[in-house]
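Here's the letter readout for the chains.
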Protein chains: 2
Amino acid sequence: MTEGSKRRLKLWIRLLGVTRRAENELREYLRVTHDTTLPRFDVMAALYRRRENMTMSDLSRMLLVSNGNATVVVDRLEKDGLARRTPSETDRRTVFVGLTPEGLAAFESLAAGHEAEVARIFARLGDEDVDAMTEILKRAERDE
Amino acid sequence: MTEGSKRRLKLWIRLLGVTRRAENELREYLRVTHDTTLPRFDVMAALYRRRENMTMSDLSRMLLVSNGNATVVVDRLEKDGLARRTPSETDRRTVFVGLTPEGLAAFESLAAGHEAEVARIFARLGDEDVDAMTEILKRAERDE
DNA sequence: GGAAATTACTTCAAGCTTAAATTTTTAAGC
DNA sequence: GCTTAAAAATTTAAGCTTGAAGTAATTTCC
């Protein structure tokens, strides 16, 4: 294979390593301090970020997971009283999802600790590295 | 929260997005073209990379997954005749894992296509970005 | 050299995830 | 308007993943 593809493979291996490590630490943090999981946190964060007119499809597209996955995670949040489904009145195929007041409060009590934990995980990186990497990732995402 | 933690949170969100997208594309590639999965590929790649004296513990540490996970993925590869366990003769707790000749051949027939697919996924990134990001990721990994 | 701690691996239960199939509803093309 | 296609969500089966518990072997250290 070409020179360029080898460099990209090396990048991918490191990227995966750093991401997995960070996920493992965040999972541990959420489990120990808040008795919850990464996928539940991700769903709640998405629902917190966009409070209105979020459909199940929007949610799965936003989180880059399958529809079936979104369904079951929302099922569990709903069972715990943290999320709520509301059928659309104009399109009977569509279901809107949102946080309940309890879900909103639960997320807000998680958010600051989560942010601090992310900061701790990437503390080793200087501010310039953080910004440089964010910019590179933006370029990597262009459409895709 | 502080300015720095917000920047790191933004970085983390982008990092997760790019990684998930790449994983989804690679998973699709492996499924469609080789009828296999990411975790199986990862295990085979690790066993290919280090051919000698790889224990189950080494494997799970290397892949950043739990011991139980390594056990079941190796179980499946073994069932398909691609991997093989060999008990250590000096420590009866330890099990070495390795690719069978079939596993070796299977991995070799996958590797080039996988590398090309990774290159395709990150084609949007220029060579300088690729190298810069690799260096930043190295700095992020220092011990951790 | 024997008790206690540690290490390596597996098993288990629960939850996560995908891809495909299914159901229901809406949109498109004639 | 009617047929066909497309879209939204759920269900299902299979596989992935974790964390904890369990088994067996080795090491530590008194």
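Above: the structure in question.
A brief look at the structure comes next.

**Overview of the relation of the copies chain A and chain B**
Once chain A is rotated about the relating axis by 180° and shifted along it by 0.0 Å, it coincides with chain B to within an RMSD of 0.0 Å. The transformation just described matches what one would write down for a two-fold rotation axis. Relative to the rotation axis, the closest C-alpha in chain A is found at A:M133, a distance of 3.1 Å.

**Description of the packing of helix α1 (residues 3-34) of chain B against helix α5 (residues 101-121) of chain B**
Residues and elements named next belong to chain B. Interhelical geometry of α1 versus α5 gives an angle of 145° and a closest axis separation of 10 Å. Here α1 runs over α5; the crossing is right-handed. Counting all contacts with α1, which are made through A22, E25, L26, Y29, L30 and H34, the residues of α5 involved are S109, L110, G113, H114, E117, V118, R120 and I121. Of the residues contributing to the contact of α1 with α5, the split by class is seven nonpolar, four polar and three charged.

**Some points on the interface of chain A and chain B**
Facing the 53 residues of chain A at the interface are 53 residues of chain B. Carbon and sulfur atoms make up 62% of the area that chain A and chain B hide from each other, which totals about 5,900 Å². At the junction of chain A with chain B, the criterion picks out 14 salt bridges. For A:R139, the salt bridge is made with B:D129, and the minimal N-O distance between the two is 2.6 Å. Taken together, chain A and chain B are joined by 23 residue pairs in polar contact (both at pLDDT 80 or more).

**Describing the pattern of salt bridges**
By the definition in use, this model includes 36 salt bridges over all chains. Across the pair A:E135 and A:K138 runs a salt bridge, and its minimum N-O distance is 3.3 Å. Of this pair, A:E135 and A:K138 both sit in helix α6 (residues 127-141), separated by three residues, roughly a single helical turn. Using a relative accessible area of 35% as the deciding quantity, one classes A:K138 as partly exposed. Of the charged contacts in the structure, one is a salt bridge between A:E141 and B:R14, with a shortest N-O distance of 2.5 Å. Of this pair, A:E141 sits in helix α6 while B:R14 sits in helix α1, which puts the two residues in different chains.

Basis of the calculations
- Residues numbered from 1 in each chain as written.
- Chains lettered and ligands numbered in written order.
- Predicted model: local features only at pLDDT ≥ 70, side-chain atom pairs only at ≥ 80, totals over all residues.
- Heavy atoms only, no water.
- Least-squares fit on C-alpha atoms with pLDDT ≥ 70 in both.
- Axes fitted to C-alpha atoms, helices over the stretch in contact; angles between N-to-C directions.
- Helix = DSSP H or I, 4+ residues; strand = E, 2+ residues; numbered from the N terminus.
- Left-handed = near helix turned anticlockwise from the far one by under 90°.
- Contact = heavy atoms within 4.5 Å.
- Nonpolar A, V, L, I, M, F, W, Y, C, P; charged D, E, K, R; others polar.
- Buried area = accessible area lost by both parts, 1.4 Å probe.
- Salt bridge = Lys/Arg side-chain N within 4 Å of Asp/Glu carboxyl O.
- Polar contact = N/O pair within 3.5 Å; in protein donor to acceptor, adjacent residues only side chain to side chain.
- Buried < 20%, exposed > 50% of the residue type's maximum accessible area, 1.4 Å probe, protein only.

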